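Structural overview
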Amino acid sequence: MELPLVVGVDGSESSLRAVDWATDEAALRGIPLRLVYASLWERYEGAALAKGLGRSSEQVIADNIVEAAARRAQRRAPEAKVSTDVLPDDAVSVLLNEAHTAFALVVGSRGRSGLAELLLGSVSLAVAGRAVCPVIVLRGNHDNQARAASHRRVLLGVGEEPHDTAATRFAFEEAEARDAALEAVRAWRWPACESTDHPLLAGEPARLHEERAAEILESALNTAVAEHPNVALRRSTVEGTARRVLLDASADADLLVVGARKRHGHAGLQLGRVAHAVLHHSACPVAVVPQRE
């Protein structure tokens, strides 16, 4: 059975943009699209009371929201296999539960107001940090319009060893499905303890650190390159903080892919500083891919 692409909808413009993006993605991959709405009305009122009273205004609203989202998806891609559900739980719990049987989750990046519109909503951040499947957060295009991929470029951030092989594999698959180029980026910096004050020594440390970055990059890509020989791949080693390097590169990318891994002694996944930064400030959608142990 094909795993669906799951979208959390709540009627907001941000979630409708997520529906548009996910519809295009599902059609591209030929997989089902599942639209879910989280509603706590039945939990608070009780199932028996809910049945006795008939459909509440909250239930009517929820049904209308998912039905409108489904119609929107079908108009955008008539061939898409679309299903809907209204589930009695909070949004984070619903999406984390859906993640166990989903190809990926797609969520909007709704802020509260003003400057917060540029930042990530609490639901999106919680889901990205704990889901067991890839989570795509719709960053960029703050007019809430999902647009067709225009750059034909997928960006992969390559971190420290051990390599996030799941993120690498996901990035290659995305590039192949989109017939897009893949740019794999590894940032590097001089350690603060090293001095390059002497002009004859300035070049050597830089060369060594850049070579190390290139080795990490090559090691991370080897297997995926063999599995996806038709993907146009560009390897980039860039001096600077990983946060700044990836945010700058996201300006002309259609998707940025980063990994997340579970750390011993912690519940769920752990998003590092780089993942937090790109989720809040990327100029394009961000896919957070968990590394399964």
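Just above, that's the structure.
I will try to describe carefully the structure that is included in this document. All of these numbers come straight from a predicted model, not from anything done at the bench. (Residues numbered from 1 in each chain as written. Predicted model: local features only at pLDDT ≥ 70, side-chain atom pairs only at ≥ 80, totals over all residues. Heavy atoms only, no water.)

**Overview of the nonpolar core**
Among the nonpolar cores identified, the biggest contains 45 residues, and L5, V7, V106, I136, L156 and V257 are the most heavily contacted of them. Here V257 is in contact with V154, L155, L156, G157, A167, F170, A171, A287 and V289, once residues within four sequence places are set aside. Counting residues in each nonpolar core, the second largest holds 35 residues, with V6, V94, L105 and L155 among its members. (Core = buried A, V, L, I, M, F, W, Y, C linked by side-chain atoms within 4.5 Å. Buried < 20%, exposed > 50% of the residue type's maximum accessible area, 1.4 Å probe, protein only. Contact = heavy atoms within 4.5 Å.)

**Brief notes about unusual backbone geometry**
One non-glycine residue, R152, lies in positive phi territory at about 50 degrees. Relative to the assigned elements, R152 resides in the loop between β5 (135-137) and β6 (153-157). In this structure, D179 takes a positive phi of about 55 degrees despite not being glycine. Mapped onto the secondary structure, D179 falls in the loop between α7 (165-178) and β7 (181-188). (Helix = DSSP H or I, 4+ residues; strand = E, 2+ residues; numbered from the N terminus.)

**Some words on the packing of aromatic side chains**
Aromatic ring pairs: the centre-centre distance and the angle between the two ring planes describe each pair. Overall, the coordinates contain 1 aromatic pair when judged by the stated rule. Sitting over the ring of F170, R29 keeps its end group 5.8 Å from the ring centre. (Phe/Tyr/Trp six-rings, centres within 6.5 Å; stacked < 30°, edge-to-face > 60°. Lys NZ or Arg CZ within 6 Å of the ring centre and 35° of its normal.)

**Things to note about the packing of helix α1 (residues 13-29) against α7**
Direction vectors running N to C along α1 and α7 enclose 80 degrees, while the axes themselves pass 10 Å from each other. On the basis of their axis angle, the class for α1 and α7 is roughly perpendicular. For the pair α1 and α7, contact is made by W21, E25, L28 and R29 and by E173, E174, A177 and R178, respectively. Within the contact of α1 with α7, the residues separate by chemical class into 3 nonpolar, no polar and 5 charged. (Axes fitted to C-alpha atoms, helices over the stretch in contact; angles between N-to-C directions. Parallel < 35°, antiparallel > 145°, perpendicular 65-115°, else oblique. Nonpolar A, V, L, I, M, F, W, Y, C, P; charged D, E, K, R; others polar.)

**Observations regarding the side chain of Q291**
Along the chain, Q291 turns up in strand β11 (residues 286-291). A relative accessible area of 18% means that Q291 is categorised as buried. Among the polar contacts made by the side chain of Q291, one reaches the main-chain amide nitrogen of T165 at a distance of 2.8 Å. (Polar contact = N/O pair within 3.5 Å; in protein donor to acceptor, adjacent residues only side chain to side chain.)

**Details of the environment of R34**
On the secondary structure map, R34 appears in strand β2 (residues 33-38). Along the sequence, R34 and L3 sit 31 residues apart, while their C-alpha atoms lie 9.7 Å from each other. Those residues within four positions of R34 in sequence are excluded, and the remaining contacts are P4, L5, V6, V7, S83, D85, L87 and E98. Only 2.7 Å separates the side chain of R34 from the side chain of E98, close enough to count as a polar contact.

**With respect to the pairing of strand β4 (residues 104-107)**
By the alternation rule, side chains of β4 split into A104 and V106 and L105 and V107, which are all buried. Across 3 bridges, the pairing between strand β1 (residues 5-8) and β4 is parallel. For V6, the partnering residue across the bridge sits in β4 and is L105. Alignment of β4 against β5, held across 3 bridges, turns out to be parallel. Bridged to L105 within β5 is V135. (Pairing = 2+ DSSP bridges.)

**As for the pattern of salt bridges**
Scanning the entire structure with this criterion turns up 18 salt bridges. E25 serves as the salt-bridge partner of R178, at 3.3 Å between the closest nitrogen and oxygen. Taken together, the residues R178 in helix α7 and E25 in helix α1 connect sequence positions 153 residues apart. As far as the burial class goes, R178 and E25 line up, both buried. Where salt bridges share partners, they join D20, D24, R72 and R76 into one cluster. (Salt bridge = Lys/Arg side-chain N within 4 Å of Asp/Glu carboxyl O.)

**Some points on the pairing of β6**
With 5 of 5 residues buried, β6 lies mostly within the body of the structure. The side-chain alternation of β6 yields two buried faces, one formed by R153, L155 and G157 and the other by V154 and L156. As judged from the 5 bridges shared by β6 and β7, these two strands associate in the parallel manner. Its bridge partner being in β7, L156 is matched across the sheet by A184.

Functional significance is not addressed by these values, which are geometric in nature.
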